[in-house]
Amino acid sequence: MNKSNRLWVILFIIGAVLVAGRMLISQSLIGKAYVQAVPVNADEENEDHKWTLYEQSSQTKFNEAVLEDPNQTKYLFSFSRTIGVWIAALLTIFVLSFLIRDNPLYKFAESIFIGISAAYWMVVGFWSTVVPNLFGKLSPDMVRDWAMPGLGIDERVELMYIVPLVLGLMLLWILSPKGGWISRWPTAFIIGVFCGLRLITFIHADFLSQIRNGIAPLWMVDSSGSFDFWESLRNVFLIIGVLSCLVYFFFSFEHKGIIGKTAKLGIWFMMITFGAAFGYTVMGRIALLAIRLEFLFDDWLWLIDPTGKRLEAVISMLGLF
Amino acid sequence: MIEFLKNLDRRWIFLLMLLSVAIPILLQTQFEETPSKLSIAVFDQLEKLEEGDKILLAFDFDPGSEGELGPMATTFVRHCCEKKLKMYFMALWPVGEQMIVDNIARVIKADFPELVYGTDYMNLGFKAGNEGVIKVVLTDMRQLYTTDAEGTAIDEIPMMQGVDNIKAMDLMINISAGYPGTKEWVQYAVTRYPDKITLVAGCTGVQAPLLYPYIPQQLPGLLAAIKGAAEYEKLVMDKYGKRDADGNMDEEGKYFEGRRRMGPQLVAHVLMVLLIVVGNLIFFAERRREKRQ
């Protein structure tokens, strides 16, 4: 066994011992999920139209209900959701293990993520768009009988939707070994439509609107009519910033003299903007790490209980903090 | 020392960052928040609405950004419930629909069970098409939404009566994790109908600098990342939070998620600043040594 493999085995054993230790000091097994049974009665007369929904609940509610009535069936332990919590926890650790180095566990988690995402997009796209917005327009009666009983009875056949059907089929032609060029026509249509849409939108929303937003008074007054120093200063900075950044991208003249100095000021403004963007990115990434750790400590290991979901949280139980 | 720091294995930095986030979570560290102008602007836009006004909530995010955007989504829904607004949920992201369902269960069903589906709130679900969907719902929602997310015909839902397009909404909230999101809503909806559509948004930290140019004319309020969520949470809970006999906040932790996550933020940011300072000191020391040689 080489050094690297030894490190992995040691880390795995330490992790397993810690989780086992946590389970041993727990009053009940950790990482358990509970549900609440909610009966749904869609049609009073038809027994087939009644079913039970299982919504997420908590150990606190389960225990309270059991204390009140040991035979209650409203709050239940959910085996499938418990398995879900454990799989989510292990996959989180697998993905974080990439920080140590690339490894098969990370690859395994990555492959699962890609596979599930692709399948999810395909299924959701089919049922939320293709079925109601294409088949539902071309053959509403068939779709109502087959998949969407809620589809309005006054929906009529709209033959115009044959056009997107044909374009869609042409797009799929790219998968055929012959005649792949046929898919270029709908591709050209998509590119053309989106170029047109985006060009107009950009000119309206960004170019023209931003020019208008940049025309700001340098002398601001507050609601009482007196001079507002900070708002005025803000607008002065806004205008100097916009003009100096524009000068930096003005390449028809050499950046010397007053143009060079203004361009340099523009670089400073851009650097400050990039710094602010970096700061925000750091904040976002830390928030993502925080929720994963919170999930591991709360839902899986039951170390903390910020939302009052259960009776036991080891940190408060041991009176450590 | 400089040589040691220069060649320090980056995994020690990762470990430090992990600890700087993990320890405040375990200690459940929280700090007081002071709302910024932008968060107050978002809060005021909702406060201006009257009972029964229509509000569109577009949840354009997924579990990948739930840590950042989930807290503000929960607080937005709570605020709408407290104001007794009619809520129309929709999503341009496939998993956005699950985020909607999750928030309906966490807030509406758990704490406002008196609200009725179809009368007080409804879920239009996800539609593929990105900005194409925005273009369509601006003119005729029924072209795309023949049923709601649960498969009920749109015309059979009481709160859809008289709603032909999103111009009928009194306010729009977008929670955005990227494309399509707030930028597209501003570009395709707000800019086209500035007098009919008012949009406030919550976004990820990565997006925030890209959206600031739209403030305040095209975007009157913005909650930027978890900090914006924490500030907005404070505003909402200070006004609507339930208190016990001693005046302490007596609420479940789900309405304090933003503030809870600001504890790890502070410690991690301090570590980040220290690392940047140390990195720069090493750089300048190294340069000075090279010059001497």
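Anyway, here's the lowdown on the structure attached to this text. Small disclaimer: the values here were computed from a predicted structure and weren't measured.

**Quick word on unusual backbone geometry**
All names here are of chain B.
Next, step 1: In the segment running from Tyr179 into Pro180, the intervening peptide bond is cis, with an omega of -10°.
Next, step 2: Within the secondary structure, Pro180 sits in the loop between strand S4 (171–176) and helix H7 (182–190).
Next, step 3: Note the cis peptide between Ile215 and Pro216, where omega equals 0°.
Next, step 4: Assignment of secondary structure puts Pro216 in the loop between helix H8 (208–211) and strand S6 (221–224).

**Here we look at the nonpolar core**
Soluble globular proteins tend to pack their nonpolar side chains together in the buried interior.
Next, step 1: Counting residues in hydrophobic clusters, the biggest one holds 88 residues, and the most contacted among them are Leu57 and Phe59 of chain B.
Next, step 2: With nine residues, the top contributor of residues to this core is helix H9 (residues 257–300) of chain A.
Next, step 3: Lining this core are residues from two domains, each supplying at least three of them: domain 1 (2–28 + 258–292) and domain 2 (37–240) of chain B.
Next, step 4: Ignoring any residue separated from it by four or fewer positions in sequence, one finds Leu57 of chain B in contact with Phe76, Met87, Tyr88, Phe89 and Ile173 of chain B.

**Quick word on the sheet that holds strand S1 (residues 33–41) of chain A**
All names here are of chain A.
Next, step 1: In spatial order, the strands read S2-S1-S3; together these three strands make up an open sheet with antiparallel pairing. With one partner strand each, in any of the chains shown, strand S2 (50–57) and strand S3 (75–78) form the two edges of the open sheet. Neighbour-to-neighbour, the strand axes of the sheet open up by a mean angle of 40°, direction not taken into account.
Next, step 2: Where S1 and S3 come together, four bridges link them in antiparallel fashion. Along S3, the bridge assignment pairs Tyr34 with Phe77.
Next, step 3: Contacting S1 and S3, helix H3 (residues 79–96) runs over the sheet at an angle of about 45° to S3.

**A word on the interface of chain B and chain A**
Next, step 1: Of the residues lining the interface, 50 residues belong to chain B; the matching set on chain A comes to 50 residues.
Next, step 2: For the side of chain B that touches chain A, the secondary-structure elements that each account for two or more residues are helix H2 (10–27), helix H4 (66–83), strand S3 (121–126), H7, H8, helix H9 (225–240) and helix H10 (257–292) of chain B.
Next, step 3: Sorting elements by how many residues they give to the side of chain B that touches chain A places H2 of chain B first, with seven residues.
Next, step 4: Class assignment for the residues of the side of chain B that touches chain A results in 24 nonpolar, 15 polar and eleven charged.

**A word on the sheet that holds strand S1 (residues 54–60) of chain B**
All names here are of chain B.
Next, step 1: The strand order across the open sheet formed by six strands is S3-S2-S1-S4-S5-S6, and the pairing between neighbours is parallel. Two strands close off the open sheet at either side, each with one partner strand: S3 and S6. Pairs of neighbouring strands in the sheet enclose a mean axial angle of 15°, with direction left out of account.
Next, step 2: Where S1 and strand S2 (residues 86–91) come together, five bridges link them in parallel fashion. Residue pairing for S2: Lys54 is matched across the bridge by Lys86.
Next, step 3: Against the sheet, helix H3 (residues 37–47) engages S4, strand S5 (199–203) and S6, with an angle of about 125° to S6.
Next, step 4: H9 contacts S5 and S6 of the sheet and is inclined by roughly 115° relative to S6.

What counts, and at which threshold
- Residues numbered from 1 in each chain as written.
- Chains lettered and ligands numbered in written order.
- Predicted model: local features only at pLDDT ≥ 70, side-chain atom pairs only at ≥ 80, totals over all residues.
- Helix = DSSP H or I, 4+ residues; strand = E, 2+ residues; numbered from the N terminus.
- Core = buried A, V, L, I, M, F, W, Y, C linked by C-beta atoms within 7 Å.
- Buried ≥ 20, exposed ≤ 12 C-beta atoms within 10 Å, placed from the backbone.
- Domains from an automatic or database assignment.
- Contact = placed C-beta atoms within 7 Å.
- Pairing = 2+ DSSP bridges.
- Axes fitted to C-alpha atoms, helices over the stretch in contact; angles between N-to-C directions.
- Nonpolar A, V, L, I, M, F, W, Y, C, P; charged D, E, K, R; others polar.

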